[in-house]
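Residue-level structural notes
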Amino acid sequence: MPSNLSPSIIVFDVNETLLDIDTLTPLFARLFDNENILREWFAQLVLYSQAMTLSSLYTSFGELGVGALQMTADIHQVTLTDDDIQEFKTRMGNMPAHPDAAPALTKLRAAGFRLVTLTNSASSTSPTPLEKAGLSEFFEQSFSVETVAKFKPAPETYQMVANELSVEMSDMCLVASHLWDTIGAQAAGCQGAFLTRPYNAMLPAPNVPTPNFIASDLVTLVEQIISKKKK
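This report concerns the structure included in the present document. The structure displayed is predicted, hence computed values, not measured ones.

Calculation rules
Residues numbered from 1 in each chain as written. Predicted model: local features only at pLDDT ≥ 70, side-chain atom pairs only at ≥ 80, totals over all residues. Heavy atoms only, no water. Helix = DSSP H or I, 4+ residues; strand = E, 2+ residues; numbered from the N terminus. Rg over C-alpha atoms; globule rule 2.2 N^0.38 Å. Buried < 20%, exposed > 50% of the residue type's maximum accessible area, 1.4 Å probe, protein only. Areas by Shrake-Rupley, 256 points an atom, 1.4 Å probe, with all protein chains shown as cover. Lys, Arg positive; Asp, Glu negative; His and termini not counted. Charge placed at Lys NZ, Arg CZ, Asp CG, Glu CD. Pairing = 2+ DSSP bridges. Axes fitted to C-alpha atoms, helices over the stretch in contact; angles between N-to-C directions. Contact = heavy atoms within 4.5 Å. Arc of directions from axis to C-beta.

1. What about the overall build of the chain?
- Helix and strand counts for the chain come out as 9 helices and 6 strands.
- In terms of overall size, the chain behaves like a compact globule, its C-alpha atoms giving a radius of gyration of 17 Å where 231 residues would be expected to give roughly 17 Å.
- Taking all 231 residues of the chain together, 49% fall into the buried category.
- Accessible surface, the chain as shown: approximately 10,800 Å² in total, 53% of it carbon and sulfur.
- Across the chain, the 15 positively charged side chains and the 25 negatively charged ones have centroids separated by 9 Å.

2. Topic: the sheet that holds strand 4 (residues 172-176)
- Strand order in this open sheet of 6 strands is 3-2-1-4-5-6, and the pairing throughout is parallel. At either end of the open sheet lies a strand with only one pairing partner, and these are strand 3 (141-144) and strand 6 (213-215). Strand-to-strand twist in this sheet, taken as the mean axis angle between neighbours without regard to direction, amounts to 20 degrees.
- Of the pairings in the sheet, the one linking strand 1 (residues 9-12) to strand 2 (residues 114-119) comprises 4 bridges and is parallel in character. The residue bridging Phe12 from the neighbouring strand is Thr117, located in strand 2.
- Sitting on the sheet, helix 9 (residues 218-230) is in contact with strand 1, strand 4, strand 5 (191-195) and strand 6, with an inclination near 155 degrees to strand 6.

3. Quick notes on helix 5 (residues 101-110)
- For helix 5, the set of buried residues is Ala101, Ala104, Leu105 and Leu108. End-on, the buried residues of helix 5 take up no more than an arc of 95 degrees, which puts them together on one face.
- Where helix 5 is buried, its residues meet strand 1, strand 2 and helix 9.
- Where helix 5 ends, the next residue or the one after it, Gly112, has phi of about 95 degrees, a positive value.

See the structure below:
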């Protein structure tokens, strides 16, 4: 249920929410002659990351991403080369920020919110993907699920952030462009802000939590969060 309390800590998902995975489109268009296979690959990656967690297994998101690419290639009878894999890794590590990311983060920081990230991706050495995208300065801390060896939306991932920041789950609001992520966060006791970027939408089914905030662009979404704080 939507909470009447205003969150003080905004937890951002990274991939697709802040960073644009469509930078991978040219690779998928070249390999599969169909740029929409990018979405098939991403769906496989999310599916199998969650399957690993439900099975009490863990492999880094990056390795699963490569594996899901090979799986997708096998399904479509496409042969991958070492150069293809390297291009995939390079593009994954250099995803640009969405145009609405910096303006939205600027508004939140000016309004006095604490900002952190929580990603399924493993931590990396500097320069990190957020540093390359010019967004790292907005966040006081960046968290990876590798610490608990479980992928979102496992409740342990969100609880880890609360524990590290010494706050209650109800103090946090997760911003994500994936409904499965906001579902997990809300079920764990956080608030949820759902960013309906292309290829993402609400799931009209019983017992699916309604996000506290919903918008199709990040600036509008954070304006909703800020407005609630002022009430």
